[in-house]
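# Observations on chain architecture
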Amino acid sequence: MSAPVSIEGLTVAYGDQVSLHDVSLDVPAGTVLALVGESGSGKSTLAHAASRLLPPNARILGGTISVGGTDMAALTGHELRSARGSTVAYLPQDALAALNPVMRIGRQIAEVFTAANGRSDAAEMAVEMLRRVSIRDPGQVARKYPHQLSGGMRQRVMIAIALAHRPQLLIADEPTTALDVTVQAEVLELVAELQRDTGVTVIWITHDLSVVKEIADTVAVLYGGRVAEHCAADELFAAARHPYTLGLLGSFGGARTAAPKERFTAIPGSPPLRGGVPGCPFHPRCTRAEDRCRSEAPPLLGGVACHVVAREATGTGAGETGMTA
Amino acid sequence: MAEHLSGWPTGQAKQLAVRLLLGCLTVLAVLTLTFVLQYAVPGDVARSIAGPRATPQLLAQIRDRLHLDAPLWDQYWRYLRGVLSGNLGESYVQKQPVRSLIAARLPATLLLGVTALVVEIALGGALGVWEALRGRRSTLLTCLNTGLLATPTFALGYLFLLVFAYQLAVLPITTGADAAHLVMPAVVLGLSGVPYYSSVVRDSMTATLASSHVRTAVAKGLPRWTVIRRHVLRCALSPVVTMAGMDIAVFLSGVVFVENVFGWPGIGQLQDQAFNNSDRPLLMGTVIVAAVLVVFGNLLADVIRVAVDPRARQEASA
């Protein structure tokens, strides 16, 4: 069940606008990677690319997405169809929109089983899946339509659909964002529990650092379509290095602890437009930006992509020569 | 809401009752408006019945018999009472009850309308689905649709007669009411609705194809055709059904031209005769029947829409 996931040099473009530049990530088997970033950072593009659900105007220009030895980026036709759901499953953000409004819940889950191997007991297995995602009275819920369920229930149904195929990788695209806080916690707990039981590898996309704290083993911070920082979750909160991550943590801490009327800490400026700027995508908002940051995109070295951090880590002269060589 | 409605029928039945009542009001409004309009049209009814050389005594006698000298509201009231008791009056020219004249023609018009609707749904639906699945607009189809929109139904009718009946001689040019005579009027009437229909189907399909739940269906690993059949077509149906209901009204206006061009013995032809003869009761009768059919068509579309879409069921009961 559990498989290591390795993304190498993934580049994705919408038309001629590149929204994901040469992204490389590693997720050890059976762990949870949190993918953090603001709107336009490319996190949803990565989710759609890895589950091969990109809209028709988007293209994977290069790179591999290896899930337990299968390169998802290279699959086509029948192989791609059978890999969908069984190798990689996708858990969307808005469960109401993601369910077919005119089909009963039970049938929507059951068709996963009938698609895979034409099982005649698909209906019973659908009810069993509903029970596994802790839905009370699953037999009755299976006969309902999506609009008759609550938001939390619908997201549980989506989880049941995603996990029905026993996938190796689950991509959760901000599945708790549309839910209210108490339901959010329940859904998060449920996924964490199912993840432990099944050992599925998870890429959890979020802009909420509290979710990272809750379930992630490792974290990747995306900014302007590039990986800014990639490290263990504990490390992020204890010793983040990238200026953007530090700003993110600063505004998160501020929002959490700030007394009323006290100002939130925010990162100055606004996120980049798609297509972006030459050099490090963060340099227009970065307080530590140097000349080099404006012309040359920093490579990911030791889990962080920043010229300044790299130079400080290795000493001034060595960093310069090491980078230019 | 439930407290207020205790003792009342359930939401759906109540909704239906309200629609029926509104439908009756619509028919009444159409009846009143047509009645008033007829009197705004110049012309002496008595003379058109009796002919140009009728004596003044005869004209007076006719006016007296038909209450033509009575005030408008009195004539209206007489007519309305007749309609409510199922009596649509007697044709001035054909000297027969309007009800039996219409009853004799109605089946032919209904047959033509339903066949045209089938042609429209099959052809417009197929073109709309094709264009939606294609992913981008087809220049050929846009030209075809614009051409059809720009061509009046009667012109298209004569074109068909010229090509298929006269030059190719594959279809009858004569008047008749059998299957061979049905083909051309049904196709022409159906074609007149194809541009609207294919656009509605295309837009509805395109929106559904881009929706999040279709992405879910793809993510499940379902074959493409299963996704389209099970998740796209079914969800795209709702606006299409509404459109078909409204098309009954469009066809009833088209039917007057088409039936006359092809000599199809239906209500449209009857209406044309009535208009030319200033045959007021007959004209009123055909207008009322058309209004009833339009109301009924829209009602039927609503009922079908509720049947195919569980969300509409909830709206109806909410």
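So, here is what we can say about the structure in this document. What you are looking at is a predicted structure, and each value in this text was computed from that prediction instead of being measured. (Residues numbered from 1 in each chain as written. Chains lettered and ligands numbered in written order. Predicted model: local features only at pLDDT ≥ 70, side-chain atom pairs only at ≥ 80, totals over all residues. Heavy atoms only, no water.)

## Regarding the overall build of chain A
Short version of the rule: Secondary structure counts use DSSP, requiring at least four H or I residues in a row for a helix and at least two E residues in a row for a strand, with both numbered from the N terminus. The buried label applies to any residue whose accessible area, calculated with a 1.4 Å probe on protein chains only, is under 20% of its type's maximum; exposed applies above 50%, and partly exposed to all values in between. Any two residues having at least one pair of non-hydrogen atoms within 4.5 Å are treated as being in contact. The method behind every accessible area is Shrake-Rupley, applied with a 1.4 Å probe, and residues are considered shielded solely by the protein chains displayed.
Each helix and strand in chain A was counted, giving 14 helices and ten strands. Counting the 325 residues in chain A, one finds 53% classified as buried. Of all intrachain contacts in chain A linking residues separated by at least 6 positions in sequence, the fraction that spans at least 24 positions is 64%. Surface accessibility of chain A: about 14,300 Å² in total, with carbon and sulfur atoms responsible for 51%.

## Notes on the sheet that holds strand β2 (residues 17-27) of chain A
Residues and elements named next belong to chain A. This is how it is decided: Two strands pair under a simple rule: DSSP has to find at least two bridges between them.
Sheet architecture is open: four strands sit in the order β2-β1-β4-β5, paired in antiparallel fashion. Where the open sheet ends on each side, the last strands, each with one partner, are β2 and β5 (70-71). Pairing of strand β4 (residues 58-67) with β5, which is carried by two bridges, proceeds in the antiparallel orientation. Looking across to β5, one finds that valine 67 is bridged to threonine 70.

## Observations concerning the nonpolar core
Residues and elements named next belong to chain A. The line we're drawing: Here the nonpolar core consists of buried residues drawn from Ala, Val, Leu, Ile, Met, Phe, Trp, Tyr and Cys, with membership extended through side-chain atoms lying within 4.5 Å. The split of the chain into domains comes from an automatic or database domain assignment.
Of all hydrophobic cores here, the largest spans 43 residues; its most connected members are Ile105, Ile109, Leu130, Val157, Ile159, Leu170 and Trp204. When residues of this core are sorted by domain, at least three fall in each of domain 1 (1-87 + 167-239) and domain 2 (95-166). The residues contacting tryptophan 204, other than those within four sequence positions of it, are Val32, Leu33, Ala34, Leu35, Ala172, Pro175, Thr176, Leu188, Val191, Val211 and Ile215. Of all hydrophobic cores here, the second largest spans 35 residues; its members include Val12, Ala49, Leu75 and Ile171.

## What to know about the environment of methionine 103 of chain A
Within the secondary structure layout, methionine 103 of chain A lies in the loop between α3 (95-98) and α4 (105-117). Taking the C-alpha atoms as reference points, methionine 103 of chain A and lysine 144 of chain A, 41 residues apart in sequence, are found 8.5 Å from one another. With near-sequence residues (within four places) excluded, methionine 103 of chain A lies in contact with Gln108, Glu111, Lys144, Tyr145 and Pro146 of chain A together with Arg230 and His231 of chain B.

## Here's the deal with the pairing of strand β6 (residues 88-91) of chain A
Residues and elements named next belong to chain A. Burial along β6 is two-sided: the face carrying Val88 and Tyr90 and the face carrying Ala89 and Leu91 are both buried. With four bridges connecting them, β6 and strand β7 (residues 169-173) associate as parallel partners. Bridging from a neighbouring strand, valine 88 pairs with leucine 169 of β7.

## A few points about the packing of aromatic side chains
All names here are of chain A. Counted only if it meets this: Only Phe, Tyr and Trp rings take part, Trp by its six-membered ring, and two of them pair if their centres are within 6.5 Å. Stacked means planes under 30 degrees apart, edge-to-face means over 60, and tilted covers everything else.
Taken as a whole and assessed by the stated rule, the structure comprises seven aromatic pairs over all chains. Considering the side-chain rings of tyrosine 223 and tyrosine 244, the 4.5 Å spacing of their centres and the 55° angle between planes classify their relative orientation as tilted. Here tyrosine 223, found in strand β9 (residues 218-223), pairs with tyrosine 244, found in helix α11 (residues 243-257); they are 21 residues apart in sequence, far enough to count as distant. A relative accessible area of 0% places tyrosine 244 in the buried class. Among the aromatic side chains, those forming a connected cluster through ring pairs are Tyr223, Tyr244 and Phe282.

## Points about the packing of helix α5 (residues 98-134) of chain B against helix α11 (residues 267-276) of chain B
To describe two helices that pack against each other, one gives the angle between their axes and the distance between the axes. Residue and element names in this part refer to chain B. Which entries qualify depends on this criterion: Inter-axis angles, ranging from 0 to 180 degrees, are taken between N-to-C directions of lines fitted to C-alpha atoms, where helices are fitted over the stretch in contact. Angles are sorted into four bins: roughly parallel if under 35 degrees, roughly antiparallel if over 145, roughly perpendicular if 65 to 115, and oblique for all others. Throughout this entry, Asp, Glu, Lys and Arg are counted as charged residues, while Ala, Val, Leu, Ile, Met, Phe, Trp, Tyr, Cys and Pro are counted as nonpolar. The remaining residues, Gly among them, count as polar.
At a minimum axis separation of 8 Å, α5 and α11 run at an interaxial angle of 135°. In terms of their interaxial angle, α5 and α11 are classed as oblique. Each of Leu101, Ile102, Arg105, Leu106 and Thr109 in α5 lies in contact with α11, whose residues at this interface are Ile267, Gly268, Gln269, Leu270 and Gln273. Its residues placed into classes, the contact of α5 with α11 shows five nonpolar, four polar and one charged.

## What to know about unusual backbone geometry
Even without being a glycine, glutamate 174 of chain A presents a positive backbone phi close to 50°. The residue glutamate 174 of chain A is located in the loop between β7 and α8 (181-198) in this model. Phi at serine 278 of chain B takes a positive value of approximately 50°, unusual for a residue other than glycine.

## Examining helix α5 (residues 122-132) of chain A
Residues and elements named next belong to chain A. Stated precisely, the cut-off is as follows: The reported arc concerns the directions from the helix axis to the C-beta atoms and nothing else.
Here α5 has its buried residues at Ala122, Ala126, Met129 and Leu130. End-on view of α5: buried residues confined to an arc of 100°, all on one side of the axis. Serine 134 sits one or two positions beyond α5 and adopts a positive phi of about 60°.

## Some details on the interface of chain B and chain A
The cut-off we apply is this: What counts as buried area is the accessible surface, traced by a 1.4 Å probe, that two parts surrender upon association, with contributions from both included. Throughout this description, the term salt bridge denotes a Lys or Arg side-chain nitrogen within 4 Å of a carboxyl oxygen of Asp or Glu.
Across the contact, 21 residues belong to chain B and 24 residues belong to chain A. In total, about 2,000 Å² of surface goes out of reach between chain B and chain A, with carbon and sulfur atoms giving 60% of it. At the boundary of chain B with chain A, the tally comes to two salt bridges. The closest approach of N and O atoms between lysine 220 of chain B and glutamate 111 of chain A, which form a salt bridge, is 2.8 Å.

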